[in-house]
Amino acid sequence: MKPSFYDLNYSDLETVIHQNNLNRSAAAVLFNWHYKKKEAAQCFDNIAKSSLDFFEKNFDFSLPEIDTVHESTKDRTVKFLFKLKDNHKVETVLIPFQNKYSICLSSQVGCAMNCSFCFTGEQGLKRNLTTSEIVGQFLKAWRWLATNRPGEERILNIVFMGQGEPLHNFDAVKKACEIFLSQYGTSIGVQKITVSTAGYIPGLKRWSQEIPRVNLALSLHSTLEEKRNELIPINKKYPLDEVLTYIDKIPLNKKQFITYEYILIKDFNDSPADAKQLGTLLTGRTAYINLIPFNAFPGSRYQPPNLDKVEQFKEVLDTFKIPTLIRTAKGDDVLAACGQLNSKD
Ligand code: SAH
């Protein structure tokens, strides 16, 4: 099988071109064609026929296929089910905000973390996605917008909050980020990519050195060891205090912060006392809190919190002067909200 063109970052592409004595300008032309213009057809921009023939002959240009599309009638959220070459499926969500979109990408088929509140975890881990399958979700969603919502094909934020634990598939995720950030590629703005982790320390150890221009979000959900162990089983292996020592070492530039995600679950972690512990833990840290009311899914063992509890929780955090956002569920009518992604047949 030919290697995928979409597995190459810019420097890989330059290496291929150099090793095969092709014209150096082909790298920028090809990246531009595929990632900036996002053309589906063969590149016919300003490129030597010999270079074009070489890539056509030696590389695969196919991308994951869109299997189904669910459009929310409530808020224009779009959920894609992609079919991969080996027939596995993954989901991707486009989340609208002010005529623009954020895209929520998957990094694995299923997930090994087995978090007790997450629908994806029930699938177990099937396999890692390749870089081309990650980048492909973006390109296909962009093209879908161009066709179905012309003029709206503006995806300005990328979040790795779909299926999978991105730091458990570090190399492929890192390369996808490099393609997204490349000035010759999609040139997504700096600080417009966020990778969310359950606290996978082997990945956090590599973070500062290897993907410094990407934002990090930690799924925190409880400050208490026993409760966090129940919610996120890998907390037993990678306990929160250790996770935080690695996160605290990440160098942040002026406008950057770490996002702490906190799912509010009814009568489990939604009391004012929980909020106070959270505020205390994050005081002195460059933190931004995302409060996510738990989203129910078929068979889930937890309940969403009452709305007044959510407000109350935020009010306590406000007294700590930590910026806090209540993340309202989008796309929940098509099971596209956080933790509702499950692509099992
Ligand atoms: N594995 C990564 C990324 C995937 S989850 C991580 O754990 O961060 C992305 C976000 O969705 C996380 O904050 C996760 O905790 C949240 N989430 C998962 N299931 C949810 C549910 N049922 N309701 C609300 N949020 C959920």
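Criteria and cut-off values
Residues numbered from 1 in each chain as written. Predicted model: local features only at pLDDT ≥ 70, side-chain atom pairs only at ≥ 80, totals over all residues. Heavy atoms only, no water. Helix = DSSP H or I, 4+ residues; strand = E, 2+ residues; numbered from the N terminus. Buried < 20%, exposed > 50% of the residue type's maximum accessible area, 1.4 Å probe, protein only. Contact = heavy atoms within 4.5 Å. Areas by Shrake-Rupley, 256 points an atom, 1.4 Å probe, with all protein chains shown as cover. Lys, Arg positive; Asp, Glu negative; His and termini not counted. Charge placed at Lys NZ, Arg CZ, Asp CG, Glu CD. Near = heavy atom within 4 Å. Polar contact = N/O pair within 3.5 Å; in protein donor to acceptor, adjacent residues only side chain to side chain. Nonpolar A, V, L, I, M, F, W, Y, C, P; charged D, E, K, R; others polar. Domains from an automatic or database assignment. Buried area = accessible area lost by both parts, 1.4 Å probe. Salt bridge = Lys/Arg side-chain N within 4 Å of Asp/Glu carboxyl O. Phe/Tyr/Trp six-rings, centres within 6.5 Å; stacked < 30°, edge-to-face > 60°.

Asks: What is the right way to look at the overall build of the protein in this model?
Replies: Per the secondary structure count, the protein includes ten helices and twelve strands. With respect to the principal axes defined by its C-alpha atoms, the protein has extents near 65 × 40 × 35 Å. Per-residue burial over the protein gives 54% buried out of 345 residues. Counted over contacts in the protein with a minimum sequence separation of 6, partners at least 24 positions apart contribute 67%. Carbon and sulfur atoms form 50% of the exposed surface of the protein, whose accessible area is close to 15600 Å². A distance of 4 Å separates the average location of the 43 positive side-chain charges in the protein from that of its 39 negative side-chain charges.

Asks: Honestly, the site of the ligand in this entry has me stumped. Any pointers?
Replies: The environment of the ligand is formed by 20 residues, the closest being Phe-117, Ser-196, Ser-219, His-221 and Asn-295. In the model, an oxygen atom of the ligand is placed 2.7 Å from a nitrogen or oxygen of the His-221 side chain. Backbone polar atom of Asn-295 to a nitrogen atom of the ligand: 2.9 Å apart, as the coordinates give it. Protein chains shield 96% of the accessible area of the ligand, which is 540 Å² for the free molecule. Secondary structure elements with two or more residues in the shell around the ligand: strand E8 (193–197) and strand E10 (258–264). Residues of the shell around the ligand, tallied by class, amount to ten nonpolar, eight polar and two charged.

Asks: I'm lost on the domain arrangement of the protein in this one. Help?
Replies: Interface size, as often reported, equals the accessible area lost upon joining of the parts. Segmentation of the protein into domains returns domain 1 (5–58) and domain 2 (65–334). The straight-line distance from the C-alpha centre of domain 1 to that of domain 2 is 32 Å. Domain 1 puts 16 residues into the contact, and the matching count from domain 2 is 17 residues. Approximately 1400 Å² of surface area, both sides summed, lies buried where domain 1 meets domain 2, with 61% of it carried by carbon and sulfur atoms. Among the residues of domain 1 in contact with domain 2, Asp-7, Tyr-35 and Lys-38 are the three that bury the most area, contributing 40% of the side total. Applying the counting criterion to the domain 1 and domain 2 interface returns one salt bridge.

Asks: Help me understand the packing of aromatic side chains in this model?
Replies: Aromatic ring pairs are described here by two measures, namely the spacing of the ring centres and the angle between the planes. Going through the model one piece at a time under the given rule, you end up with 21 aromatic pairs. Seen from their ring centres, Phe-31 and Tyr-35 are 4.8 Å apart, and the 65 degrees between their planes marks the pair as edge-to-face. One end of the pair is Phe-31 and the other is Tyr-35, both in helix H2 (residues 26–36) and four residues apart, which spans about a single turn. Looking at Phe-31, the relative accessible area reads 0%, which means it is buried. Each ring, one from Phe-294 and one from Tyr-302, has its centre 6.0 Å from the other, and the planes form 85 degrees; the classification is edge-to-face. Exposure remark for Tyr-302: the relative accessible area of 7% places this residue in the buried category. Every member of this aromatic cluster is reached through a ring pair, and the members are Phe-5, Tyr-6, Tyr-10, Phe-31, Tyr-35, Phe-54, Phe-55, Phe-59, Phe-61 and Tyr-184.

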